[in-house]
Amino acid sequence: QVQLVESGGGLVQPGGSLTLSCAASGFTFWTYAMNWYRQAPGKERVLVATISADGTRQYGDSVKGRFTISRDNTKNLVFLQMNSLKLEDTAVYYCNFGRPAPGAYWGQGTQVTVSS
């Protein structure tokens, strides 16, 4: 029943900007923290940003000051605005909710490629 559909990825030059979207369904969206993760080639999935149910934001050190997470509880959407993109931001980006356990559902992700 849970569905997480990421979109908005693409090819962007270093220093450019991109905004990702995640459409969520199958759970009580407004009661959960929403998170963005990324997985670079050959690397494990890592948390890059989270927004709590009340709107409190936290970021990984590698993206702090460049990325902004936001949510729209009326539409079950979470966004990730990415500015000043670097080559090392290249990854598949995923959203999820709460504290995903082993075996949790993950969507298809959306590919972000930063390249000149």
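Only a predicted model underlies this, so the values are computations on that prediction, with no experimental measurement involved.

## Details of the overall build of the protein chain
Next up, step 1: Summing up its helical and strand segments, the protein chain has 0 helices and 10 strands in all.
Next up, step 2: Walking the protein chain from its N terminus toward its C terminus, one meets helices and strands in the order β-β-β-β-β-β-β-β-β-β.
Next up, step 3: For the protein chain, whose C-alpha radius of gyration is 13 Å, the value lies close to the compact-globule estimate of 13 Å for 116 residues.
Next up, step 4: Long-range pairs, those at least 24 residues apart, make up 53% of the contacts in the protein chain between residues at least 6 apart in sequence.
Next up, step 5: With the model as given, the accessible surface of the protein chain reaches about 6300 Å², and the carbon-plus-sulfur share is 49%.
Next up, step 6: Averaging the coordinates of the 10 positive side-chain charges in the protein chain and doing the same for the 7 negative ones gives two points 1 Å apart.

## Here's the deal with the environment of Arg66
Next up, step 1: Position of Arg66 relative to the elements: it lies in the loop between strand E6 (57-59) and strand E7 (67-72).
Next up, step 2: Residue classification places Arg66 among the buried positions, given a relative accessible area of 10%.
Next up, step 3: Separated by 29 residues in the primary sequence, Arg66 and Tyr37 place their C-alpha atoms 15 Å from one another.
Next up, step 4: Filtering out sequence-adjacent residues up to four positions away, Arg66 remains in contact with Gln81, Met82, Asn83, Ser84, Leu85, Lys86 and Asp89.
Next up, step 5: Separated by 2.7 Å, the side chains of Arg66 and Asp89 make a polar contact.

## Focus on the state of the cysteines
Next up, step 1: For the structure shown, the criterion picks out 1 disulfide.
Next up, step 2: Disulfide pairing is shown between Cys22 and Cys95; the S-S distance is 1.8 Å. The chirality of the disulfide connecting Cys22 with Cys95 is right-handed, given an S-S dihedral of about 50°. Here Cys95 lies in strand E9 (residues 91-97) and Cys22 lies in strand E3 (residues 18-25), a separation of 73 residues in the sequence.
Next up, step 3: Residue Cys95 is classed as buried on the basis of its relative accessible area, which comes to 0%.

## As for the pairing of strand E4 (residues 34-39)
Next up, step 1: With 5 of its 6 residues buried, E4 lies for the most part within the structure.
Next up, step 2: The pairing of E4 with strand E5 (residues 46-51) spans 5 bridges and is classified as antiparallel. Residue pairing for E5: Trp36 is matched across the bridge by Ala49.
Next up, step 3: The hairpin turn running from E4 into E5, its antiparallel successor, is 6 residues long, and Gly42 in that turn takes a positive phi close to 75°.
Next up, step 4: Here E4 pairs with E9 via 6 bridges, running antiparallel. In the strand pairing of E9, Tyr37 is matched with Tyr94.

## Considerations on the sheet that holds strand E8 (residues 77-82)
Next up, step 1: A sheet is described by the order of its strands in space; here 4 strands give the open sequence E1-E3-E8-E7, paired in antiparallel fashion. Because the sheet does not close on itself, it has two edges, and the strands there are strand E1 (3-7) and E7. Taking the axes of each pair of neighbouring strands and ignoring which way they run, one obtains an average angle of 15° across the sheet.
Next up, step 2: Pairing of E3 with E8, which is carried by 6 bridges, proceeds in the antiparallel orientation.

Rules used in this analysis
- Note on numbering: residues in each chain are counted from 1, in written sequence order.
- Side-chain atom pairs in this predicted model are given and counted only at pLDDT of 80 or more, local residue features only at pLDDT of at least 70, and totals for whole chains, interfaces and linings cover all residues.
- Excluded from the side-chain calculations are hydrogens and water; all other atoms, namely the structure's heavy atoms, are used.
- Starting at the N terminus, helices and strands are each numbered in turn, a helix being any DSSP run of H or I of at least four residues and a strand any DSSP run of E of at least two.
- This radius of gyration counts C-alpha atoms alone. The globule rule is 2.2 Å times how many residues there are, raised to the power 0.38.
- Contact definition: two residues touch when any of their heavy atoms are within 4.5 Å.
- In this description, accessible areas are obtained by the Shrake-Rupley approach with a 1.4 Å probe, and a residue is regarded as covered only by the protein chains that are shown.
- In this count, Lys and Arg are taken as positive residues and Asp and Glu as negative ones, while His and the chain termini are left out.
- The atom standing in for a charge is NZ when the residue is Lys, CZ when it is Arg, CG when it is Asp and CD when it is Glu.
- Accessibility here uses a 1.4 Å probe with only protein chains present; expressed as a share of the type maximum, an area under 20% marks a residue as buried, one over 50% as exposed, and anything in between as partly exposed.
- As used in this structure description, the phrase polar contact means that two N or O atoms lie within 3.5 Å; if the pair is within protein, one of them must be able to donate a hydrogen and the other to accept it, and residues adjacent in sequence are counted only when both atoms belong to side chains.
- In this description, the term disulfide denotes a pair of cysteine sulfurs within 2.5 Å.
- Pairing between two strands is assigned when DSSP locates at least 2 bridges connecting them.
- A fitted line through C-alpha atoms serves as each axis, taken over the contacting stretch for helices, and the angle formed by two N-to-C directions is quoted from 0 to 180°.

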